[in-house]
Amino acid sequence: MTLWTPGGEHHVPRDPQPDSTGAEDGTAIPGAVDEQVNLDDLDPEDRERAEAILAELAAARERLAAAPPDVVVANHAMGLYELGAIHLTADPPRPAAARLAIDAMGLLVEGLAGRLGDSEPTLREALQSLRMVFVQQTSGGGPDSDPGAE
């Protein structure tokens, strides 16, 4: 599994090994796996960068594990909302791409009804709003109105 960050894509082990990096000097980075990171093979500058990246990843994993799951899922649903809106407002609009994002958001929001905590009403309203814009854009009869076009 990989994690994308503004600094690039980084491998994130599914089952982190406890305090293991493959380093012979006892240096341990939480979440590192022997086969994936061998800090001994790096020059000091690259090693320092690798240790910082691994420490950031471990901290990110801890923050994610501490966050309530309904909040994390709601955040992803809003990301799908944004993706749908981006495609609907593109010039020219991309209805097929928007439809996929809207359908994915719908599956999350409607499929997890009653489990999304305080965010659920906002998510339902956002989904309805996005669906209305989609229908308005695709019911005009022009070339961009075909939901399957792209």
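As shown above, the structure is provided for reference.
Everything quoted here is computed from the prediction, not taken from an experiment. (Residues numbered from 1 in each chain as written. Predicted model: local features only at pLDDT ≥ 70, side-chain atom pairs only at ≥ 80, totals over all residues. Heavy atoms only, no water.)

**Remarks on unusual backbone geometry**
Then, number 1: Residue D91 is joined to P92 through a cis peptide bond whose omega torsion reads 5 degrees.
Then, number 2: Among the structural elements, P92 can be located in the loop between α2 (69–88) and α3 (95–111). (Helix = DSSP H or I, 4+ residues; strand = E, 2+ residues; numbered from the N terminus.)

**Considerations on the nonpolar core**
Then, number 1: Core analysis: the biggest nonpolar cluster contains 14 residues, and L88, I102, M105, V109 and L123 have the highest contact counts within it.
Then, number 2: Of all the elements in the fold, those that place two or more residues in this core are α2, α3 and α4 (120–138).
Then, number 3: Top contributing element to this core by residue count: α4, with five residues.
Then, number 4: Residues contacting L123, with those up to four places away along its chain left out, are A74, A77, M78, M105, V109 and L116. (Core = buried A, V, L, I, M, F, W, Y, C linked by side-chain atoms within 4.5 Å. Buried < 20%, exposed > 50% of the residue type's maximum accessible area, 1.4 Å probe, protein only. Contact = heavy atoms within 4.5 Å.)

**Things to note about the environment of R49**
Then, number 1: By secondary structure assignment, the location of R49 is in helix α1 (residues 44–66).
Then, number 2: What makes R49 partly exposed here is its relative accessible area of 44%.
Then, number 3: Reaching out from R49, the side chain makes a polar contact with the side chain of D46 at a distance of 2.2 Å. (Polar contact = N/O pair within 3.5 Å; in protein donor to acceptor, adjacent residues only side chain to side chain.)

**As for the pattern of salt bridges**
Then, number 1: Under the criterion given, the structure shown has six salt bridges.
Then, number 2: Residue R47 pairs with D40 through a salt bridge whose shortest N-O separation is 3.4 Å.
Then, number 3: By relative accessible area, which is 14% here, R47 ends up buried.
Then, number 4: Here E45 ties to R49 by a salt bridge, and the two come within 3.0 Å at their closest N and O atoms. Placement of the pair is E45 and R49 together in helix α1, with a separation of four residues, close to one helical turn.
Then, number 5: Looking at E45, the relative accessible area reads 54%, which means it is exposed.
Then, number 6: Residues joined in a network through salt bridges with shared partners are D40, R47 and E51. (Salt bridge = Lys/Arg side-chain N within 4 Å of Asp/Glu carboxyl O.)

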